[in-house]
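Residue strings, one per chain:
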Amino acid sequence: MGTWAERFNEYWEGFHVVADGTEEGFAWKKCSCGGLAGDRYRVLYQPISAEASEPWEAVGVCSDCLLYVANAETPEEEEL
Ligand SMILES: [Zn+2]
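In this text the structure is predicted, and so the values were computed from the model without any measurement.

Draft legend 1. Structural detail: the environment of D39. Its place among the elements puts D39 in strand β2 (residues 38-47). Assessed through the 13 C-beta atoms surrounding it within 10 Å, D39 is described here as partly exposed. Each C-alpha atom, one on D39 and one on F26, is 4.2 Å from the other, the two residues being 13 residues apart in sequence. Among all residues touching D39, those that are not within four sequence positions of it are E23, G25, F26 and S63.

Put into structure tokens, the structure is as follows:
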């Protein structure tokens, strides 16, 4: 399992991810970090191997992921 940041970094391995922050509203789909349904905020991502001029893709992530992308702040680990 690893820590929250480890899970996040494993999911996004090979990609640049930057915060956009646009609110996308509520989504039932799980977040990339495994987070449950909730409000989503936009981030942009691009394969590390991509040329800088290539377009970035957009995806909605939870507020935990957005904060981590923007400020490298990790959420408090849930007690297991
Ligand atoms: Zn998330």
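Draft legend 2. Seen up close, unusual backbone geometry. Phi at A72 takes a positive value of approximately 60 degrees, unusual for a residue other than glycine. Position of A72 relative to the elements: it lies in the segment after α2 (63-71). Under the C-beta neighbour-count criterion, A72 is labelled exposed, with 8 such atoms within 10 Å.

Parameters at a glance
Residues numbered from 1 in each chain as written. Predicted model: local features only at pLDDT ≥ 70, side-chain atom pairs only at ≥ 80, totals over all residues. Helix = DSSP H or I, 4+ residues; strand = E, 2+ residues; numbered from the N terminus. Buried ≥ 20, exposed ≤ 12 C-beta atoms within 10 Å, placed from the backbone. Contact = placed C-beta atoms within 7 Å.

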